[in-house]
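Observations on the three-dimensional arrangement
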Amino acid sequence: MKKTLMMIAVAMFSLAAVAQIPDGTGDIPHIAPDQKDVKIAFLTDTHIFHRGEKTDSLLIPAIAEINSSDCHFVLLGGDNVSTGYEKDIRGAYKIYKKIRKPLFGIVGNHEVIRTDNGNTVHKELYGYDRRMVFRAGEYLFVGFDAGPYNRSSAGMVRAEDLEWLEEQFRKARPGEKIICVSHIPLNYEVANHREVTALLRKYGVKAQICGHAHSTLMLNVDSIPCVMGRRFNYVKKGWGAGYNIIEFKDDSIYLYQKRLDHAAPKLFATQKQGFSPELLKRRGRKLQIAPKTYAEAGAVLFKDLRPAVYAPVMVRGGAAYVGHSNGTLYAFDTTTGEERWRYDMGDILCAEPVWHDGKVIYVSPTGLFTALDAATGKVVWTLQAKGAVTGDPVVVGDMLYCSFGVGLFAKINAATGAVVWTARSGSMQMQCVPAVADGKVVVSTWENDVRCYDDKSGKQLWRWFSGDDKFDFAPGLIFPQIVGDRVYVSINYQIVALDLKRGALIWRDEMSRYRKSMGKSSDGTMLFVQSPNSDIIQLRTDMDCFSPKWTATTPKSKKDRNPTLISSVNGVVYKGTMEGMVIAVRESDGVTLWEHKFSDADINNVCGDEQGNVWIQCLDGKLFKIAR
């Protein structure tokens, strides 16, 4: 069960002088048909935040400066807000509306991985699709998603986006030069970057424009120049506030930095457009694409569900239930692989399906809960939440527990869809997977706290605050675990043990070493956590201090950032990584049994079925089976 936070229905937008959404579905707009060369004001990684940072006020003079410049249009490079919260998005919209030039843009990982609205507010404000295409001068600009689609994981360009890209490239007019735009650079940050850049080279793409790394750079992405823009307000490096100007002229790229406290832009670098032998000589960090070795683990490719699969697979009753990025939930026979049924949810599927008494229950990002008959796919009941839902549900007994909108949490009768109770869960969206035991329900939030509710009444019994308000490292996306009379959470890279009854702190490891992946044994008595270098650790749950029982070293999977549930099947502990590796560790003594490559993309989850078979779901749509 993997907590997927990407609500990727949104990714691209256009404002100002463009009257038509430039998504490639209709005529491609041409904003400067009389121009040959083009000059762009590039604003990226502005990270507007609702806590009153200086960025908001600094953007006003920057926009005034850009409005009076000779730039032909403005391009936003993603991470325009810090959180993806509706308050931030609406605040950014008010600022960007002051731009008087044609405005195009992409969104980055910060807009889609921490959202309280399922990213529905973007479409309301901008009316955009997740892809972008327009013409300026002699250039065709094509924007697309490169991820990451999960928090702190690797990027990937989905198969459906690759198909769309090629379709747009074929629309290039004779002599027209193609420029690609994505938030993530197409280098080691993107798991399938070789496949993407091969397509770019096939069609003679002249350059990529990106943000993400906060620095002004001229990169080499497989011998294609990549123009990276700086963070708008970068006090840490002493750069002050500023933006970039990119000029495509005379078959060259001119990259400038423009600080607000400097009168004139400063030329940073020049580079010939397109493939360049000069770039071949540049040394650059590249992701090493390792061979797939899953067959050595006894695994077989059960289904290839390209394009992408965000939702973890759920296997029960002889069927595998998989939610697709096209909004379809599939049921496949686990023996024959035949499709039993499919149901169109009408929305991108990001949450894990759950099972109750012959029903498969799914919740969409818009907050629609749908229970389907597991045998036929017919609707049994539906329930609309009070707002967007970005968390995974969990079923315990006859009850379903899940977030129910911004700041809301609900207990729902899984048989009928009736709401038993709702409770406040803070002011932000609740995105963790709830833990339920001993008459108590435990959740963790983006507000750096852990909350416990009475299972019968929904009354909040206690709240434990970490004492730290660092939003990025809050336990909003984790798997809180109840083992015995204790609650375990990962917060700010620390493992915390709390008393389940009172919420009192028992111990706290302050070594700042541990990632958010966590899980427990099938019998519920053992706890597993992941270290920063991907080692798997079994913790003693009967001690009043941090006390590892064993540590399983994982030499092939260092520094993994993929926050997945650590699962246990048939006495073996499994963990999937952001680069498509799966680690198998013997539960009894921590011996690493194997590490094998299944994909170049994230592993969504590893789970078992009633027969003891192991199932592995990957972000790129591949579903594997290891038969017992």
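See the structure above.
Residues numbered from 1 in each chain as written. Predicted model: local features only at pLDDT ≥ 70, side-chain atom pairs only at ≥ 80, totals over all residues. Heavy atoms only, no water.

1. Observations concerning the overall build of the protein
Within the protein, the regular secondary structure consists of seven helices and 46 strands. When each of the 628 residues of the protein is scored for burial, the buried share is 64%. Of the roughly 22,700 Å² that the protein leaves accessible, carbon and sulfur atoms contribute 48%. (Helix = DSSP H or I, 4+ residues; strand = E, 2+ residues; numbered from the N terminus. Buried < 20%, exposed > 50% of the residue type's maximum accessible area, 1.4 Å probe, protein only. Areas by Shrake-Rupley, 256 points an atom, 1.4 Å probe, with all protein chains shown as cover.)

2. Overview of the sheet that holds strand β24 (residues 394-396)
Here we have four strands laid out as an open sheet, ordered β24-β25-β26-β27, and antiparallel in their pairing. Each having just a single partner strand, β24 and β27 (419-424) make up the two edges of the open sheet. Neighbour-to-neighbour, the strand axes of the sheet open up by a mean angle of 20 degrees, direction not taken into account. With five bridges joining them, strand β26 (residues 408-413) and β27 adopt antiparallel strand pairing. The partner of I412 across the bridge, within β27, is V419. (Pairing = 2+ DSSP bridges. Axes fitted to C-alpha atoms, helices over the stretch in contact; angles between N-to-C directions.)

3. Notes on the packing of aromatic side chains
Considering all chains together, one arrives at 25 aromatic pairs under this definition. On the basis of an interplanar angle of 0 degrees and a centroid distance of 3.6 Å, the ring pair of F104 and F134 is categorised as stacked. You can see F104 sitting in strand β4 (residues 103-106) and its partner F134 sitting in strand β5 (residues 132-136), a full 30 residues away along the chain. F134 matches F104 in its accessibility class, with the two residues each being buried. Note on W421 and Y453: the rings are 6.3 Å apart at their centroids and 40 degrees apart in plane angle, and the pair reads as tilted. Remark: Y453 occurs in strand β30 (residues 449-454) and W421 occurs in strand β27; sequence separation between them is 32 residues. In this structure, W421 and Y453 share a single accessibility class: buried. An aromatic cluster of three or more residues is present, and its members are F73, F104, F134, Y139, F141 and F248. (Phe/Tyr/Trp six-rings, centres within 6.5 Å; stacked < 30°, edge-to-face > 60°.)

4. What to know about a positive patch on the surface
A grouping of K94, K97, K98 and R100 is seen on the molecular surface, where their side chains present a positively charged patch. Along the chain, K97 turns up in the loop between α2 (86-96) and β4. (Patch = residues over 30% accessible without salt bridge, like charges linked within 9 Å, V, L, I, M, F, W, Y side chains within 5 Å. Salt bridge = Lys/Arg side-chain N within 4 Å of Asp/Glu carboxyl O. Lys, Arg positive; Asp, Glu negative; His and termini not counted. Charge placed at Lys NZ, Arg CZ, Asp CG, Glu CD.)

5. Digging into the environment of N533
Checked against the element boundaries, N533 lands in the loop between β37 (527-530) and β38 (536-539). Given a relative accessible area of 29%, N533 falls into the partly exposed group. Along the sequence, N533 and K559 sit 26 residues apart, while their C-alpha atoms lie 4.1 Å from each other. Excluding anything up to four places from it in sequence, N533 contacts T554, S557, K558 and K559. (Contact = heavy atoms within 4.5 Å.)

6. Looking at the sheet that holds β30
One open sheet holds the four strands; their spatial order is β28-β29-β30-β31, and the pairing between them is antiparallel. Both outer strands of the open sheet, β28 (435-437) and β31 (460-465), are each paired with one neighbouring strand and no more. Taking the axes of each pair of neighbouring strands and ignoring which way they run, one obtains an average angle of 15 degrees across the sheet. Looking at chain direction, β28 and strand β29 (residues 440-444) are connected through three bridges and run antiparallel. Residue A435 lies in a different strand from β29, and its bridge partner there is V442.

7. Focus: the packing of helix α5 (residues 159-169) against helix α6 (residues 193-202)
Two elements in contact, α5 and α6, have axes separated by 11 Å at closest approach and are oriented at 10 degrees. On the basis of the axis angle, α5 is roughly parallel to α6. Facing L162, L165, E166 and F169 of α5, the residues of α6 in contact are E195, V196, L199, L200 and K202. Along the lines of polarity and charge, the residues of the contact of α5 with α6 split into six nonpolar, no polar and three charged. (Parallel < 35°, antiparallel > 145°, perpendicular 65-115°, else oblique. Nonpolar A, V, L, I, M, F, W, Y, C, P; charged D, E, K, R; others polar.)

8. Description of α2
By the burial criterion, the buried members of α2 are D88, I89, A92, Y93, I95 and Y96. The buried residues of α2 occupy one face: seen down the axis, they fall within an arc of 160 degrees. Turned more than 90 degrees from where α2 packs its buried face, K87 and K94 sit exposed. (Arc of directions from axis to C-beta.)

9. What about unusual backbone geometry?
In this structure, H212 is a non-glycine residue whose phi angle is positive, near 85 degrees. With respect to the element layout, H212 can be found in the loop between β8 (207-210) and β9 (217-221).

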